[in-house]
Amino acid sequence: MAKRKNRKSHLQKIGLPPGSLIHIGEQKTEKASIHLINFDENAVHEKKLRDIEEAFTYLAQPSVTWINIDGLHEVSIIDKLGQHLNIHPLVLEDILNTGHRPKIEDHGDYIHFVLKMLDYDEKSNELITDQLSLILGKNYVITFQEQAGDAFDPIRERLRSGNTRIKRRKADYLTYALIDAVVDSYFIILEHLGEAIETLEEDLLNKPTPETLHEIHGMKRKMILLRKSIWPLREVINALEREESALIQKSTEVFLKDVYDHTIQVIDTVETYRDMVTGMLDIYLSNISNRMNEVMKILTIITTIFIPLSFIAGIYGMNFRYMPELEWRWAYFSVWLVMLGVAGIMIYFFKKKRWF
Amino acid sequence: MAKRKNRKSHLQKIGLPPGSLIHIGEQKTEKASIHLINFDENAVHEKKLRDIEEAFTYLAQPSVTWINIDGLHEVSIIDKLGQHLNIHPLVLEDILNTGHRPKIEDHGDYIHFVLKMLDYDEKSNELITDQLSLILGKNYVITFQEQAGDAFDPIRERLRSGNTRIKRRKADYLTYALIDAVVDSYFIILEHLGEAIETLEEDLLNKPTPETLHEIHGMKRKMILLRKSIWPLREVINALEREESALIQKSTEVFLKDVYDHTIQVIDTVETYRDMVTGMLDIYLSNISNRMNEVMKILTIITTIFIPLSFIAGIYGMNFRYMPELEWRWAYFSVWLVMLGVAGIMIYFFKKKRWF
Amino acid sequence: MAKRKNRKSHLQKIGLPPGSLIHIGEQKTEKASIHLINFDENAVHEKKLRDIEEAFTYLAQPSVTWINIDGLHEVSIIDKLGQHLNIHPLVLEDILNTGHRPKIEDHGDYIHFVLKMLDYDEKSNELITDQLSLILGKNYVITFQEQAGDAFDPIRERLRSGNTRIKRRKADYLTYALIDAVVDSYFIILEHLGEAIETLEEDLLNKPTPETLHEIHGMKRKMILLRKSIWPLREVINALEREESALIQKSTEVFLKDVYDHTIQVIDTVETYRDMVTGMLDIYLSNISNRMNEVMKILTIITTIFIPLSFIAGIYGMNFRYMPELEWRWAYFSVWLVMLGVAGIMIYFFKKKRWF
Amino acid sequence: MAKRKNRKSHLQKIGLPPGSLIHIGEQKTEKASIHLINFDENAVHEKKLRDIEEAFTYLAQPSVTWINIDGLHEVSIIDKLGQHLNIHPLVLEDILNTGHRPKIEDHGDYIHFVLKMLDYDEKSNELITDQLSLILGKNYVITFQEQAGDAFDPIRERLRSGNTRIKRRKADYLTYALIDAVVDSYFIILEHLGEAIETLEEDLLNKPTPETLHEIHGMKRKMILLRKSIWPLREVINALEREESALIQKSTEVFLKDVYDHTIQVIDTVETYRDMVTGMLDIYLSNISNRMNEVMKILTIITTIFIPLSFIAGIYGMNFRYMPELEWRWAYFSVWLVMLGVAGIMIYFFKKKRWF
Amino acid sequence: MAKRKNRKSHLQKIGLPPGSLIHIGEQKTEKASIHLINFDENAVHEKKLRDIEEAFTYLAQPSVTWINIDGLHEVSIIDKLGQHLNIHPLVLEDILNTGHRPKIEDHGDYIHFVLKMLDYDEKSNELITDQLSLILGKNYVITFQEQAGDAFDPIRERLRSGNTRIKRRKADYLTYALIDAVVDSYFIILEHLGEAIETLEEDLLNKPTPETLHEIHGMKRKMILLRKSIWPLREVINALEREESALIQKSTEVFLKDVYDHTIQVIDTVETYRDMVTGMLDIYLSNISNRMNEVMKILTIITTIFIPLSFIAGIYGMNFRYMPELEWRWAYFSVWLVMLGVAGIMIYFFKKKRWF
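Computed from a prediction, not measured in an experiment: that's the story for all the values here.

Asks: Hey, could you run me through the overall build of chain A in this one?
Replies: When helices and strands are counted, chain A shows 11 helices and 7 strands. Overall, chain A is about 120 × 45 × 30 Å in size when its C-alpha atoms are taken along their principal axes. The 356 residues of chain A split such that 57% are buried. Expressed as a percentage of contacts within chain A between residues at least 6 apart in sequence, the contacts between residues at least 24 apart total 67%.

Asks: Just to check I follow, could you spell out the relation of the copies chain D and chain A for this structure?
Replies: Note on the chain copies: they are related by a rotation about an axis and a translation along it. The transform that puts chain D on chain A rotates by 72° and translates by 0.1 Å along the axis, for an RMSD of 0.1 Å. The superposition operator between the copies reduces to a five-fold rotation axis. Taking C-alpha positions as reference, the residue of chain D nearest the rotation axis is glycine 317 of chain D, located at 4.5 Å. When the interface residues of chain D are mapped onto chain A, a mere 15% of them are again interface residues, pointing to distinct binding faces.

Asks: Is there a simple way to think about the pattern of salt bridges in this case?
Replies: Two side chains of opposite charge can pair, provided their charged atoms sit close to one another. All told, the structure shown has 82 salt bridges over all chains when counted by the stated rule. A salt bridge links glutamate 105 of chain D to lysine 103 of chain D; the nearest nitrogen and oxygen atoms lie 3.1 Å apart. The exposure class assigned to glutamate 105 of chain D is buried, which follows from its relative accessible area of 7%. In this structure, the salt-bridge partner of glutamate 271 of chain E is arginine 227 of chain E, at a minimum N-O distance of 2.9 Å. Residue glutamate 271 of chain E is found in helix α9 (residues 253-315), and its partner arginine 227 of chain E is found in helix α8 (residues 210-242); the two are separated by 44 residues along the sequence. Given a relative accessible area of 26%, arginine 227 of chain E falls into the partly exposed group.

Asks: Got a minute to help me understand the relation of the copies chain E and chain D in this structure?
Replies: Of the two same-sequence chains, chain E is brought onto chain D (RMSD 0.1 Å, axial shift 0.1 Å) by a rotation of 72°. Little of the interface of chain E is mirrored in chain D, where only 16% of its interface residues again form contacts.

Asks: Even after reading the chapter, I still don't get the nonpolar core, so can you show me in this structure?
Replies: The tendency in soluble globular proteins is for nonpolar side chains to be buried as a group. Counting residues in hydrophobic clusters, the biggest one holds 140 residues, and the most contacted among them are Tyr316 of chain A, Tyr316 of chain B, Tyr316 of chain C, Tyr316 of chain D together with Tyr316 of chain E. Among all residues touching tyrosine 316 of chain A, those that are not within four sequence positions of it are Met323, Glu325, Leu326 and Val335 of chain A, Gly317, Met318, Asn319 and Phe320 of chain B together with Tyr332 of chain D. Judged by nonpolar contacts, the second largest core, of 69 residues, contains Leu127, Val183, Phe255 and Tyr284 of chain E.

Asks: What is the right way to look at a nonpolar patch on the surface in this model?
Replies: Taken together, the side chains of Trp330, Phe333, Leu337 and Leu340 of chain A make up a nonpolar region of the molecular surface, amounting to roughly 500 Å² of accessible area. Inspection of the secondary structure puts leucine 340 of chain A in helix α11 (residues 331-352).

Asks: It is not clear to me how a negative patch on the surface should be interpreted in this structure. Could you clarify?
Replies: Residues and elements named next belong to chain A. Residues Glu202, Asp203, Glu211 and Glu215 make up a contiguous surface patch of negative charge. Elements with a contribution of two residues or more to the negative patch: α7 (171-206) and α8 (210-242). Considering the arrangement of structural elements, one finds aspartate 203 in helix α7.

Asks: Any chance you could explain the interface of chain E and chain D here in plain terms?
Replies: Where interface size is given, it is often the accessible area lost as the parts come together that is meant. Counting from both sides, the interface comprises 64 residues of chain E and, opposite them, 63 residues of chain D. Buried surface at the junction of chain E and chain D, summed over both partners, amounts to about 5,700 Å²; 64% is from carbon and sulfur atoms. Counting across the interface, chain E meets chain D through 6 salt bridges. For glutamate 327 of chain E, the salt bridge goes to arginine 321 of chain D, with nearest N and O atoms at 2.9 Å. Taken together, the links from chain E to chain D amount to 14 residue pairs in polar contact (both at pLDDT 80 or more). Mapped onto the side of chain E that touches chain D, the elements with two or more residues apiece are α1 (2-13), α4 (89-96), β4 (103-106), α8, α9, α10 (324-327) and α11 (331-352) of chain E. In terms of residue count, the dominant contributor to the side of chain E that touches chain D is α9 of chain E (19 residues).

Asks: I keep staring at the packing of aromatic side chains and nothing clicks. Help me out?
Replies: The relative placement of two aromatic rings is captured by the distance of their centres and the angle of their planes. All names here are of chain A. Evaluation of the coordinates by the stated rule reveals 55 aromatic pairs over all chains. Judged by centre distance (6.2 Å) and plane angle (70°), the rings of tryptophan 66 and phenylalanine 152 are edge-to-face. In this pair, tryptophan 66 sits in strand β3 (residues 64-70) while phenylalanine 152 sits in the loop between β7 (140-145) and α5 (153-160), placing the two residues 86 residues apart along the sequence. Across the pair, phenylalanine 152 and tryptophan 66 agree in class, each one buried.

Asks: Got a minute to help me understand the sheet that holds strand β7 (residues 140-145) of chain C in this structure?
Replies: Pairing between the strands of a sheet comes from backbone hydrogen bonds, and it takes one of two forms, parallel or antiparallel. Residues and elements named next belong to chain C. Pairing within the open sheet is mixed, and its 7 strands lie in the order β2-β1-β3-β7-β6-β5-β4. Edge positions in the open sheet fall to β2 (44-49) and β4 (103-106), since each of these has one partner strand only. For this sheet, the mean inter-axis angle between neighbouring strands, taken without regard to orientation, is 15°. In the packing of helix α7 (residues 171-206) onto the sheet, the strands contacted are β1 (33-39), β3 (64-70), β5 (111-121), β6 (126-136) and β7, and the crossing angle to β5 comes to about 25°.

Asks: Whenever I open this one, the arrangement of the chains confuses me. Can you help?
Replies: One finds no contact between chain A and chain C; the C-alpha atoms of the two approach each other to within 9 Å at their closest. One finds no contact linking chain C with chain D; the least C-alpha distance across the pair is 9 Å.

Asks: Whenever I open this one, helix α4 (residues 89-96) of chain B confuses me. Can you help?
Replies: Spacing of three or four residues puts side chains on the same side of an α-helix, whose turn is 3.6 residues. Burial runs high along α4 of chain B: 7 of the 8 residues are buried. Residues Leu90, Val91, Leu92, Glu93, Asp94, Ile95 and Leu96 of chain B constitute the buried set of α4 of chain B.

Asks: Just to check I follow, could you spell out the sheet that holds strand β5 (residues 111-121) of chain A for this structure?
Replies: Residue and element names in this part refer to chain A. In spatial order, the strands read β2-β1-β3-β7-β6-β5-β4; together these 7 strands make up an open sheet with mixed pairing. Each edge of the open sheet is held by one strand with a lone partner, namely β2 (44-49) and β4 (103-106). Ignoring which end each strand starts from, the neighbouring axes of this sheet average 15° apart. Summarising the sheet, β4 and β5 pair through 4 bridges and their orientation is antiparallel. Residue glutamate 105 lies in a different strand from β5, and its bridge partner there is histidine 112. Those strands touched by helix α3 (residues 75-85) are β1 (33-39), β3 and β7, and its axis lies near 160° from that of β7.

Asks: Explain the side chain of aspartate 261 of chain E here, please?
Replies: On the secondary structure map, aspartate 261 of chain E appears in helix α9. Apart from residues lying up to four places away in sequence, aspartate 261 of chain E is in contact with Asp94, His100, Lys103 and Glu105 of chain C.

Asks: Whenever I open this one, unusual backbone geometry confuses me. Can you help?
Replies: Keep in mind that most residues, glycine aside, have a negative phi and that most peptide bonds are trans. Even without a glycine there, the phi angle at asparagine 125 of chain B is positive, about 60°. Within the secondary structure layout, asparagine 125 of chain B lies in the loop between β5 (111-121) and β6 (126-136). Here asparagine 86 of chain E, not a glycine, exhibits a phi torsion of approximately 65°, which is positive. By the secondary structure assignment, asparagine 86 of chain E is in the loop between α3 (75-85) and α4. For asparagine 86 of chain E, a relative accessible area of 61% puts it in the exposed group.

Asks: It is not clear to me how the interface of chain D and chain A should be interpreted in this structure. Could you clarify?
Replies: At the interface, 65 residues of chain D touch 62 residues of chain A. Both sides together, the interface formed by chain D and chain A hides about 5,700 Å², and carbon and sulfur atoms give 64% of it. In this structure, the connection of chain D to chain A is made through 6 salt bridges. Note that aspartate 282 of chain A and lysine 220 of chain D form a salt bridge whose closest N and O atoms lie 3.7 Å from each other.

Asks: I would appreciate a short explanation of helix α9 (residues 253-315) of chain A in the present structure.
Replies: The terminal C-alpha atoms of α9 of chain A lie 92 Å apart, and with 63 residues this matches the ideal 93 Å at 1.5 Å per residue to within 8%. Most of α9 of chain A sits inside the fold, with 48 of its 63 residues counted as buried.

Asks: What's the story with the pairing of β1 of chain C in this structure? I'm lost.
Replies: Every regular strand shows the same layout, with side chains that alternate between the two sheet faces. All names here are of chain C. Of all 7 residues in β1, 6 are buried, a share of seventy percent or more. Strand direction decides the pairing type here: β1 and β3, joined by 7 bridges, are antiparallel. The partner of histidine 35 across the bridge, within β3, is asparagine 68. Where β1 meets β2, 6 bridges bridge the pair, whose relative direction is antiparallel. Considered in β2, the bridge of isoleucine 37 is made with glutamate 46. Where β1 folds back on β2, the antiparallel hairpin that results is connected by 4 residues.

Asks: Is there a simple way to explain the environment of arginine 274 of chain C in this structure?
Replies: Residue and element names in this part refer to chain C. Following the sequence through the fold, arginine 274 ends up in helix α9 (residues 253-315). The spacing of arginine 274 and lysine 222 is 52 residues in sequence and 9.6 Å in space, taken between C-alpha atoms. Each residue touching arginine 274, except ones within four places of it in the same chain, is listed here: Met223 and Arg227.

Quick notes on the rules
Residues numbered from 1 in each chain as written. Chains lettered and ligands numbered in written order. Predicted model: local features only at pLDDT ≥ 70, side-chain atom pairs only at ≥ 80, totals over all residues. Heavy atoms only, no water. Helix = DSSP H or I, 4+ residues; strand = E, 2+ residues; numbered from the N terminus. Buried < 20%, exposed > 50% of the residue type's maximum accessible area, 1.4 Å probe, protein only. Contact = heavy atoms within 4.5 Å. Least-squares fit on C-alpha atoms with pLDDT ≥ 70 in both. Salt bridge = Lys/Arg side-chain N within 4 Å of Asp/Glu carboxyl O. Core = buried A, V, L, I, M, F, W, Y, C linked by side-chain atoms within 4.5 Å. Patch = residues over 30% accessible without salt bridge, like charges linked within 9 Å, V, L, I, M, F, W, Y side chains within 5 Å. Areas by Shrake-Rupley, 256 points an atom, 1.4 Å probe, with all protein chains shown as cover. Lys, Arg positive; Asp, Glu negative; His and termini not counted. Charge placed at Lys NZ, Arg CZ, Asp CG, Glu CD. Buried area = accessible area lost by both parts, 1.4 Å probe. Polar contact = N/O pair within 3.5 Å; in protein donor to acceptor, adjacent residues only side chain to side chain. Phe/Tyr/Trp six-rings, centres within 6.5 Å; stacked < 30°, edge-to-face > 60°. Pairing = 2+ DSSP bridges. Axes fitted to C-alpha atoms, helices over the stretch in contact; angles between N-to-C directions. Expected span 1.5 Å × (residues − 1).

Laid out in structure tokens, this is it:
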């Protein structure tokens, strides 16, 4: 659904000059909220802003400023901030367009990241995606989310608490920490999906129904979405590692390598799940074939045994005047014998064919 | 259909020396029309030309001239223009051959692009392709289309209106704007296809018919066409970004990167749709298997219950003179009991097999 | 068939030292024929040679000499020519071995090409391949074909006629023209195949028979053969473009780029056809499934409606002495009512299952 | 199962700063055990340590020290050792996280390897994976395993015994020997799987049951796990060969090439097995189709022969008063003739269709 | 089988230091035999050796020495030869391990090749593989085979006979000739397989049985084995061409290019065969579907025509006292009319559905 609205908005934009700021995507929150944390080794200032201009004094300081904006529809916020920090209009346009795949763009003075945050809605049994745009500048990090609710609370907690490493280091380390939190949150999704797959597998073995098939296909589709959101991240982090930007300190690289490993781990798990789901589909279809085969056998056994017998009974149900057998003393008894014989031969034949 | 005509025309050309100008492809418009816009930061001249020679004075000026030609069958127009601008005959030949895949060729003095414009005909439910050839020179852009009707009206509007960025910049920016408009128009196609896929999915779940299967296959074929038209564009724009041509200004590169991102987004969506359509095909086929299984079960249940019963009835329908049971007082009643017993055992057996 | 003979001849060669000249492949023509055209800007000499030695005087002139040899089984011709022009024995061996894939080899003084000419035999509905070996030297082009009949007549015509570009240029341009003619001839094959595919599609929709399936498989096999013959050509022409050989003039490169584009176009069409044929196979198989499903439904409906009714009729066909119903006044009428009731319930059930 | 616990532990870690040491994975052993071997060309010291501090004096010596730790849940051991040897906290974190894929990381002073040891549990018929982390320093090798039991006993034996090559060489050769032992142990797994596949194949040919299908799918899943564990190893060893680290002596490279070859051999075998298992699945499904076809034929033969005959018998079982045939002298005999004729025609028809 | 023994032997080796010489693989010949040919342009010495030491004097001469050893189980021969020529123990180990894939290793003083010789056993209808290890030194070539019987007799013949090129050239040319002979022998295998495929295809069209399916699967498996043996050879020869070893003379390169082309030709044919076999599988399965469909139709036609008729007959077979129709004069005749009508409608319906 979100997808279609997204496309529709994109249509509105057609023909406008590039860099026109229009929010493309569903409006997921009512009012955009701005949250600022300014910190260095010694002090932390945290503030909920009404107006984005309040942030400008913090940005002028050498300490690190992290501004998080939830909700993209109030375009003026993003516009003002972009002009203040001298962000290229196309980057701002990208932030507002939530249909991007994960990417990284180095603009010299700042680096622009696009990531996908994922959430698993247990009610609708659907994956929810939320685009995170992140701008890393010399002494600031700005994060744009479509809606409130993210995986960054532990990082905020670490910033608020005592003399932690995150406070001693610069904006690049904060960026790493945020990306790391996003990647870590993928493990939660995988956890949920892993459980769902196990449940599905048990259903498949014990009581497969057309419903099971439907769920397998649903799972497959979730895998496609997951892959699409996570695969490009691999290249993003890889590019970041190789990046020779003044914005990334040498000492942060080892941490990026670590996130990279986690991303690979996530991708590996997604691939394994995909293989498992594909395997389940095969098992389901083989099961149906097997069952149909079994059904056919039963039908054939019953039919081929009784149809000839019924025929024999039919013969002696005919009303011809001249049917010598009808008058014989042991005819009825003999017919029974014949019938049992026919049935016996049939059963022997099926046994030989290993149908039982 | 267009395809076959295309091939046929190609055959006519076999044996001619290279660079012979023959229009290869369907004649999609009756009369070729030439439209010229000449602009710089201060002025805009717009004109519908009767004769291509009228354009030559504009081309001599330092301001940017955009000539758009709808209809390729009037070869003389293209020939004259080519000779005036010193375009290589093979390029002119390419412009006339509408079977090309998207490509870019740098000829030093000018760059030659081939793109595919797509349109969705809702009546016939078909995709219509229209080849756009674009020649970017020092101070001119020439676009060749197979027929009237394109996605460039908003750009014309921006050129006509006040002091917009597009007027302040050069021919390379205009080229970017045109390519961007083409890529944007793909989103409209995707929009239509997305809706069609959703309708198909609902049909698939609620009331799948052989017709549904047919439509799924039609959709798959559209995906193949889309991919073929759009995939190469990725390389084209990529090549353009890396191009070290004097015709492309440094400041235009960031815009090219933006179109590139949009192209990737389009390709991603096409791939997702393809996966969805493939999934739908699987679901359809599984559904048929499921249904056949169900049909088989019903057939088997009814048959295996009633065939033995009919056999019993047949037995006592025989006309033998000596059948002791026929005379018994409770025989008829007992036969009913036996029959109910047999039916009961069958039903129990099917229950145990979970056929209900 | 040709294939197997080819392999057999190859076996004869095993154990011989490399460079032994033995024709590997079917003998497709009775007598080898040698045809020579010598031309420069001013004059054209054309001659059918009895003896290859006659060509040597022409080869000594600075004008371009094109020798075409149809039929490979007269090994002595190739041997003498090879020795005169100092061609490596392995190249001669390659010319005689018709099982090669398209390739290009630069030997310094000359470049050796292998191409596949294709022809469509409408009678047998088969593709016929003919290996074309081409040797491009400083002032000569030698072409070897397995049999008479090729796509080069228009080129010969152009050479014979007035002051055409092909006569003003050198051997490398002639080579380009020949390759271009081969690639152009692929379009004819594609034309035929395209028509055959359309006919197949109509058959598939209107009246699919097992024969249709057979033809689809035959088409698939043709696609495999086409791909095998054409794919490597792409690399060949690409290599030729990048080739820094003194034999290729700078001005010929733009023409090579053009052939390259045509080759890509051919490959693209082959891929599209392959996708279409694969799709047709899927449609055919789905159709069979659909039909079987329909057949099963009819069988099940008829059987499940009438088998219980027949059972009821069977009951009252029994000959027990004590069957109270038989004596009732309205029994027969009531049985009809019961039967209609049972049938009605069944029909309602099938309607609910949407089997009609 | 182990997998899911792994994921769960990973969740506990979310939000903690990177480098926090928490064991991620199942606790597979009750008490961690530390085993140390210190050796040079002349002497070997072997010791079971209670406390990791005991190892520090050995590590200070120029001779090679190999510390093996079974069990990862006693985090303090790893923490202390890491601090003593100045290992980066993220490496320690990696050692504790058992969900990694095989990898190699060069940290300058030491190289960190992750490998997967595999074991085949014949009881449960499952593959058991055990993550091996290995740290190669200037004069030490440290191996971390999830549980006791490994493939390294022969290496220990070689170290204990006389003047073997392994004792004359340095830590890099020991590392090679350990990796080699792991790769060699894969052959045992392949041996087991090869036997299981052969058994499966015999079952498949002699007596295929749905159970067989289940086992084939189980085998396929094992192949997926194997591939996932072994494929990355190829890149790891390849990277190690190219590594220009001071820790790897030139003379060890030829041995690495050897392990590389063995790894390729293992991967090749896995791929062959995979192809075989896939083929078995196809055979199984074709078998089911074949059988169903055969069952259908029998059903059809019996039914189509006897149903018309029963109909004839039914006709003459009707009780109409005026049925002239009933009174005829040879009617009964003629009916039999007609029936035999009908049956004969049917049988002839089936013979012609080659159903027998 | 050979495969499993191979693996078993590998297990015996686990834990031994690298370079321990143990023959891994089946013992295919009873006694190893050593055959030596020493030649230069002028003379040829040929000898069957009892003891490998006899060869050492020949190896000391500047003329080329070719030692061929059939049978790998007499490890001492290989050991002595290896020590004399200073071959690395791991290379000797590789020679004894017959599970390798084709490869090439440059050790400076000598190059080590592993190839697969293939043979087709017509009795068992199986492919037999024989590993060929080849060591090319400055003035010697040593070949190791698992058993007697190879494709090298023509080369021996050429060496024995007069002043052939092979005698004028060095060890590298001999190596080329040997590899060429191996590649040529693949054509024989392909010849056999091509014939088998044609036979299969005819069976498939004329009289497909489950046996045919079995053979198709067997063929597919052979293709997998062939590919596995031949594919890596491509890289081997390619590496050899690029090799800048003093052991390979410039003039041999053109011959290597020739073998390379042959290898490509072999691989191409294998791929084509694979496609054909896959296509045959599809045809077989479609055939079964087609047949089942046909069987179902016949069953359905017969059943749906006769079951209603039998029901009607059953009605009038009931013994109710009050059944007015039974008494009617033309009842029996009318019932026949009704029955013919019902049957006619059914047949019309099936005709309309195009079931005949």
